Amino acid sequence: MSNLAIDARGVNKTFGTGALAFQALKDVDFQVKRGELVMLVGPSGSGKTTLLSILGCVLTASAGVVELFGTNITSLRERQLPVLRQALIGFVFQGHNLISSLTALQNVALILETRGVKRRHAHDEAAALLKRVGLGDKLNSFPDQLSGGQRQRVAIARAVAGKPPLVFADEPTAALDAHAGLEVTKILTEMCRENGTSVVVVTHDNRIFHLADRIVHIEDGQITDGHTAAAAATSATAH
Amino acid sequence: MSNEAQLDVAARIAQVKRNRWGRHRATIGLGLRMALHAKPKFVGTVLGVIFAVVLAAQQLGVLFGLLDKNTQFVDNCTAEVWIVPPGTTYANPGQKMSVALLNQARVTPGVAQASALIMAGTTIRKPTGGAEALTLVGVDLDTMLGGPYNIVVGDTNILRQADTLFFEDAVRDKLGGLNIGSVREVGGYQVKVGGFTWGLLPFGPPFTFANLDLARTLANIPNDQLNFVLIKVASGYTPEQVAATLRSRIDTADVITKTAFHKKIVSTLLKDQLGISFGTSTAFGLIIGFIIVMLSMYSSVIDNLREFGTLKAVGLTNWDLMRMLAVQSVMYALVGSLVGLGLVSLMAQGISSAKLAVIVPPVLVIATPIIMTVMCLLASLLALSRVAKLEPGMVFR
């Protein structure tokens, strides 16, 4: 069995056609080991979110091969991808993206219920996860009754609910202040490490680099280099 | 490094595939919560359905009431077969026929009883001056076929007394303040009020009942003529059999069973008078309701586009989202139908009178939620098309 959670080779993505065509990714090779936490960094428009979308099975590559745990997702039909997302992937979005009509508990439990967990167990597990992220007293609060940091913590609980083997986080600290940003990323990394989850975090925020196992830089749709977290953190501090 | 569940990727995928019912249940619950959470939108959408139900069901209730007013004479008459002038579409005053038809009917196999019925237009003079139109019904008192029904005062035997009539209670004031024993001039003759019926008001003038001889006198119809022949079928025969036999023996009149006559009156009224007018207002109510529900559901989807995108990103399919919208549609339809039918029932009680009955029959109660559900499901198609086109990748933008 391969030790790779993600194995992307020669991935290209072009938006539009003809004169309006824009190549967002150019022959990208990207690997993540099982249980590894990788931060994907780069300037705006560098292609990191496009890469994350392809790895997260919400966007198809124009060319190249992407394997998740040995399953070639580029060869799958579009209608097969939702099952893969549901079974394997947890998402943390930049804007939390909670369902406004559901309480914190229901937001987390929904993911478990759709994965086949019985309702009562789903609620018990969701409550435990929310307590774990420090929201034990906010189980029945709706998203609009929570602060930005609290919402993102609910989003993290939702992403790790059911212990998916992969979690993708897109700028999870972007809408938070420095303290809250660091706090939620710590929670995310701790929970994922406990579960042995592979994590890819797209971020600009160099204050959280030290939490990663590896930092991968992407620029103009190409991977430029990869560092260990310690080297990247040192580099960021120097800057 | 990893726990067993993570390593077994295939097992996780299989579990998700197996879990159809759990996903169905979760999405049904989510659909309901989403609809109920946005209370103003929920109320607005349900009001749209209520509006459609009230307008459509109230119009149909009035239509059923009017149809009933015009078929009730046939429906309440114990005759099972009618011999009517050619081309007859209603049970109202019309051409006269020969009494030979009555004799022919009486000797036809399968006929248990056959009676003449007089139905003629006449007038009543009011004590204060002026006159009102009446539909005079002359009845064979031995068979009572076509006799008065819904009697509120009096006994039909009193019609055997000379110059005695039954009038319609609901218009007694309009006819000049009638009371039992009142004497009035009908068709130029002095008659006496012997009893009252209630609610016998077709589109034409109110029914007024007399015995056959008196009716012939008041309407100036000779003894060798009549308007209808009413037949009661002998046991062992069906109305259809007797009607067929009569048709083979009679070529100067139409023979029609009670059921067929009822249907003929209804279809004629719908085609000629009521259908277009009530059909238009009913359709108008449904169209308005459809538009309100459609716009409300569409705007709800647009308002929550990011949430729908998120649901797609975390693995829900278009079918799952379709189920959510369908559940919302059914809820709007059922809640709106229930409240709407309740309001229509109250309105029916409030506005029903002897002249206008608003009838909400069981078929309307059953059909309304079904029609509204279909309407709401169709109305959700626009919202669904927007959701179906939604790219899950939009959540990253």
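Residues numbered from 1 in each chain as written. Chains lettered and ligands numbered in written order. Predicted model: local features only at pLDDT ≥ 70, side-chain atom pairs only at ≥ 80, totals over all residues. Heavy atoms only, no water.

Draft legend 1. Just the overall build of chain B, in detail. The helix and strand tally for chain B stands at 12 helices and 12 strands. Relative to the compact-globule value of 21 Å for 397 residues, chain B shows a C-alpha radius of gyration of 31 Å, a clear excess of over 25%. Principal-axis analysis of the C-alpha atoms gives chain B an extent of 110 × 50 × 30 Å. For chain B, the residues scored as buried account for 50% of the 397 residues in total. Residue pairs in contact within chain B that sit at least 24 positions apart in sequence constitute 80% of those at least 6 positions apart. Total accessible area computed for chain B in this model is approximately 17400 Å², and 61% of it derives from carbon and sulfur atoms. With 34 positive and 24 negative side-chain charges, chain B shows a separation of 12 Å between the mean positions of the two kinds. (Helix = DSSP H or I, 4+ residues; strand = E, 2+ residues; numbered from the N terminus. Rg over C-alpha atoms; globule rule 2.2 N^0.38 Å. Buried < 20%, exposed > 50% of the residue type's maximum accessible area, 1.4 Å probe, protein only. Contact = heavy atoms within 4.5 Å. Areas by Shrake-Rupley, 256 points an atom, 1.4 Å probe, with all protein chains shown as cover. Lys, Arg positive; Asp, Glu negative; His and termini not counted. Charge placed at Lys NZ, Arg CZ, Asp CG, Glu CD.)

Draft legend 2. Structural view of helix α1 (residues 48–55) of chain A. All names here are of chain A. The buried fraction of α1 amounts to seven of the eight residues, a majority that puts the element mostly inside the structure. Taken together, the buried positions of α1 are Lys48, Thr50, Leu51, Leu52, Ser53, Ile54 and Leu55. A positive backbone phi angle near 65° is found at cysteine 57, which sits one or two residues after α1.

Draft legend 3. View of the sheet that holds strand β1 (residues 4–15) of chain A. Residue and element names in this part refer to chain A. Spatially, β2-β1-β4-β5 is the arrangement adopted by the four strands of the open sheet, whose pairing is antiparallel. Each edge of the sheet is formed by a strand with only one pairing partner; in this case those strands are β2 (22–33) and β5 (71–72). Here β1 runs beside strand β4 (residues 63–68); their pairing, made up of five bridges, is antiparallel. Paired with isoleucine 6 across the bridge in β4 is leucine 68. Sitting on the sheet, α1 is in contact with β1, β2 and β4, with an inclination near 60° to β2. (Pairing = 2+ DSSP bridges. Axes fitted to C-alpha atoms, helices over the stretch in contact; angles between N-to-C directions.)

Draft legend 4. A look at the state of the cysteines. All names here are of chain A. Scanning the entire structure with this criterion turns up zero disulfides over all chains. Free of any disulfide, cysteine 57 has its nearest cysteine sulfur in cysteine 192, 17 Å distant. Exposure remark for cysteine 192: the relative accessible area of 1% places this residue in the buried category. (Disulfide = S-S within 2.5 Å.)

Draft legend 5. Examining the packing of helix α4 (residues 39–76) of chain B against helix α11 (residues 362–379) of chain B more closely. Residue and element names in this part refer to chain B. At a minimum axis distance of 11 Å, the contact between α4 and α11 shows a crossing angle of 140°. Judged by the sense of rotation from one axis to the other, the crossing of α4 with α11 is right-handed. Between α4 and α11, the contacting residues are Val49, Ala52, Val53, Ala57, Leu60, Gly61 and Phe64 on the first element and Leu364, Thr368, Met372 and Cys376 on the second. Taken together, the residues that form the contact of α4 with α11 break down as nine nonpolar, two polar and no charged. (Left-handed = near helix turned anticlockwise from the far one by under 90°. Nonpolar A, V, L, I, M, F, W, Y, C, P; charged D, E, K, R; others polar.)

Draft legend 6. Focus on the confidence of the model for chain B. All names here are of chain B. Of all residues in chain B, 98% have pLDDT values of 70 or greater, and the mean over the chain is 89. Below a pLDDT of 50 lies the segment residues 1–6, which in the model reaches 17 contacts outside its immediate sequence neighbourhood of four places, other chains included. As scored by the predictor, the complex reaches a pTM of 0.77 and an ipTM of 0.87. (pLDDT = per-residue confidence, 0-100.)

Draft legend 7. Here's a closer look at a nonpolar patch on the surface. All names here are of chain B. Taken together, the side chains of Val365, Ile366, Ile370, Val374, Leu378 and Leu381 make up a nonpolar region of the molecular surface, amounting to roughly 540 Å² of accessible area. Looking at the nonpolar patch, the element that brings in the most residues is α11, giving five residues. Assignment of secondary structure puts valine 374 in helix α11. Taking the relative accessible area as the measure of exposure, valine 374 reaches 44% and is therefore partly exposed. (Patch = residues over 30% accessible without salt bridge, like charges linked within 9 Å, V, L, I, M, F, W, Y side chains within 5 Å. Salt bridge = Lys/Arg side-chain N within 4 Å of Asp/Glu carboxyl O.)

Draft legend 8. Highlighting the domain arrangement of chain B. All names here are of chain B. Each assigned domain of chain B is listed here: domain 1 (3–69 + 268–396) and domain 2 (86–252). Computed from C-alpha atoms alone, the centre-to-centre distance between domain 1 and domain 2 is 50 Å. Contacts between the two partners involve nine residues from domain 1, matched on the other side by 10 residues from domain 2. Between domain 1 and domain 2 lies a buried interface of about 800 Å² when both sides are counted; carbon and sulfur atoms form 69% of it. (Domains from an automatic or database assignment. Buried area = accessible area lost by both parts, 1.4 Å probe.)

Draft legend 9. Looking closely at the interface of chain A and chain B. In this assembly, 42 residues from chain A lie in contact with 35 residues from chain B. Buried area between chain A and chain B, both sides added, is near 3600 Å², and the carbon and sulfur share of it is 60%. For the pair chain A and chain B, the number of links is zero salt bridges. Connecting chain A to chain B are 11 residue pairs in polar contact (both at pLDDT 80 or more). Looking at the side of chain A that touches chain B, the elements that each hand over two or more residues are α1, α2 (81–88) and α3 (104–114) of chain A. The element that contributes the greatest number of residues to the side of chain A that touches chain B is α2(A), accounting for seven residues. Residues belonging to the side of chain A that touches chain B are distributed by class as follows: 19 nonpolar, 14 polar and nine charged. (Polar contact = N/O pair within 3.5 Å; in protein donor to acceptor, adjacent residues only side chain to side chain.)

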